[in-house]
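# Structural overview for review
Read off the chains here:
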Amino acid sequence: MKICANCGTQVPDDAVFCNNCGSALTESTPASAPSTEAGSAPVPTPAPAPVPDPQQGFQSQQGFQPQPAFQQYQKFDPSDHTADFDPKDIADNKLFAALPYFFTCLVGILAGIYVKDSEFIKFHTKVSIQYDLAGILAMLFIIIPIVGWIVGIVLEIVILVCRIISIVYVFQGKAKDAPLVGSIGFLKFGR
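Counting starts from 1 at the beginning of each chain's written sequence and moves along it residue by residue. In keeping with the model being predicted, local features are shown solely for residues with a pLDDT of at least 70 and side-chain atom pairs are shown and tallied solely at 80 or more, while totals for entire chains, interfaces and linings include all residues. Note: side-chain values were computed over all heavy atoms of the structure, leaving out hydrogens and water.

## Section: the overall build of the chain
- Secondary structure counts use DSSP, requiring at least four H or I residues in a row for a helix and at least two E residues in a row for a strand, with both numbered from the N terminus. A tally of regular secondary structure across the chain gives five helices and two strands.
- Counting helices and strands in the order they occur from the N terminus, the chain gives β-β-α-α-α-α-α.
- Per-residue burial over the chain gives 27% buried out of 191 residues.
- Note on contacts: a residue pair is in contact if any heavy atoms of the two residues lie within 4.5 Å. Put simply, 57% of the contacts in the chain that link residues at least 6 apart link residues at least 24 apart. Buried residues are those whose accessible area, probed at 1.4 Å on protein chains only, stays under 20% of the maximum for their type, while exposed residues exceed 50% and partly exposed ones sit between those limits.

Shown next, in the form of structure tokens:
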């Protein structure tokens, strides 16, 4: 067994590096060189193989090309349509785009008439129409006594939370489809 000169740990004879500290182990050469017989050529000793230095990492190895760090990809969100709109339109019409969520889609239609040619307001008015239709459908459950009342109230609370999420999206300058409600097939609108 060899002993590491750096930390004093015993390592196997065939080890190139210390298992404990990772330093390169140097082989001690015998004190006396082997004697050669008369008339025979001295046997050349093979050149020692280069020992990789663990401190240098993998870059010192031949043929190794360091690869760049992983590439960052932006996650594609199919419900996000923000890139489809003019940034100036978004910045100028955030308040008008949020009005339909606070009231009804009729206010959004009025805001769309007041601010002509704003695709951002039109988009959020369409999303508000989805919430209004979902709210009407949730109110139909209230016709059913007790269980329908509970289901209708829970659905209205879910729709209210989704409206609040959409209001946050508007003030962040995003144009995203309605959460939960926008994934219902018959409530989808074409862009």
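That shown, we press on.
## Digging into the pattern of salt bridges
- Definition used for salt bridges: Asp or Glu carboxyl oxygen within 4 Å of a side-chain nitrogen of Lys or Arg. Applying the stated criterion across every chain yields a total of three salt bridges.
- For Asp92, the salt bridge is made with Lys88, and the minimal N-O distance between the two is 2.8 Å. A residue pair is termed a helical-turn pair when its members lie 3 or 4 positions apart in one helix, as Asp92 and Lys88 do in helix H1 (residues 87-92) at four residues.
- Of the residues examined, Lys88 reaches a relative accessible area of 54% and is grouped as exposed.

## Considerations on the environment of Leu140
- Following the sequence through the fold, Leu140 ends up in helix H4 (residues 119-140).
- Residues Leu140 and Gly152, spaced 12 residues apart in sequence, show a C-alpha to C-alpha distance of 7.4 Å.

## With respect to unusual backbone geometry
- In this model, Ile146 sits at a positive phi of 55 degrees, which is unusual for a non-glycine residue.
- Its place among the elements puts Ile146 in the loop between H4 and helix H5 (147-171).

## Things to note about the state of the cysteines
- Cysteine sulfur atoms that come within 2.5 Å of each other are treated as a disulfide pair. Considering all chains together, one arrives at zero disulfides under this definition.
- Of all cysteine sulfurs, the one in Cys21 lies closest to Cys4, which takes part in no disulfide; the gap is 3.7 Å.
- According to the relative accessible area criterion, Cys4 is buried, its value standing at 3%.
- Among the cysteines around Cys21, which has no disulfide bond, Cys18 carries the closest sulfur, lying 3.7 Å off.

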